[in-house]
Amino acid sequence: MATAPLLDIGAHAPVPVNTGGIVAVHNLGFGRSTASCSCGWAGRRRHLKAAAEQDAWVHAMRDGCDVSCPLVLAW
Ligand SMILES: [Zn+2]
């Protein structure tokens, strides 16, 4: 009888610790949104607000910063 190999849970990347930054999306008007963080990181200017939101979430997950609530702020 064949058995499935066990998952190696030790191979996962460590969970980043909060570096103290808070990331938010600034809505600069129609078709212009950008994500920026209080840790100094700044995302690209995006035509779609959703793309800037995605930048913010990816930065929060990779660098351990928090996401602001609400995420999108009027400039
Ligand atoms: Zn940050």
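Attention here is on the structure that accompanies the text. (Residues numbered from 1 in each chain as written. Predicted model: local features only at pLDDT ≥ 70, side-chain atom pairs only at ≥ 80, totals over all residues.)

1. As for the overall build of the protein
Rules: Secondary structure elements are defined from DSSP: runs of H or I of at least 4 residues count as helices, runs of E of at least 2 residues count as strands, and each element is numbered from the N terminus. Remark: C-beta atoms are placed from the backbone, and a residue is labelled buried if 20 or more other C-beta atoms sit within 10 Å of its own, exposed if 12 or fewer do, or partly exposed between those counts. Throughout, a pair of residues is in contact if the C-beta atoms placed from their backbones lie within 7 Å.
The number of helices and strands found in the protein is one helix and three strands. Each helix (α) and strand (β) of the protein, taken in turn from the N terminus, gives the series β-β-α-β. Within the span of the protein, comprising 75 residues, buried residues form 23% of the whole. Within the protein, contacts between residues at least 6 apart in sequence are counted, and of these 44% link residues at least 24 apart.

2. Some words on the sheet that holds strand β3 (residues 66-74)
In plain terms, the rule: At least two DSSP bridges between two strands are needed for those strands to be called paired. Interaxial angles span 0 to 180 degrees and are taken between N-to-C directions of axes, which are lines fitted to C-alpha atoms, for helices over the stretch in contact.
Pairing is mixed in the open sheet, where three strands are placed in the order β2-β1-β3. Only two strands of the sheet have a single partner each, and these edge strands are β2 (33-37) and β3. On average, adjacent strands in this sheet sit at an angle of 20° to one another, irrespective of strand direction. As defined by bridge partners, strand β1 (residues 22-27) adjoins β3 across five bridges and the pair is classed as parallel.

3. What about the nonpolar core?
For clarity, the cut-off: Note on terminology: a nonpolar core is a set of buried residues of type Ala, Val, Leu, Ile, Met, Phe, Trp, Tyr or Cys, with members joined through C-beta atoms within 7 Å.
Grouped together as the largest cluster of nonpolar side chains are nine residues: Val23, Ala24, Val25, Ala35, Cys37, Ala52, Ala56, Ala60 and Cys65. Put simply, the parts of the chain that give this core at least two residues each are β1, β2 and α1 (49-63). Leave out the neighbours within four places in its chain, and cysteine 65 touches Asn18, Thr19, Gly21, Ile22, Val23, Cys37, Cys39, His59 and Ala60.

4. Focus on unusual backbone geometry
Cis geometry marks the peptide bond from cysteine 69 to proline 70, where omega comes out at 5°. Inspection of the secondary structure puts proline 70 in strand β3.

5. Quick look at the environment of cysteine 37
Within the secondary structure layout, cysteine 37 lies in strand β2. Placed 15 residues apart in sequence, cysteine 37 and isoleucine 22 show a C-alpha to C-alpha distance of 5.4 Å. With near-sequence residues (within four places) excluded, cysteine 37 lies in contact with Gly21, Ile22, Val23, His59 and Cys65.

6. A word on the pairing of β2
Among the five residues that make up β2, five are buried, leaving the element largely enclosed by the rest of the structure. Across the two faces of β2 the burial is the same, with Ser33, Ala35 and Cys37 and Thr34 and Ser36 all buried. Strand direction decides the pairing type here: β1 and β2, joined by five bridges, are antiparallel. Note on β2: the bridge partner recorded for histidine 26 is threonine 34.

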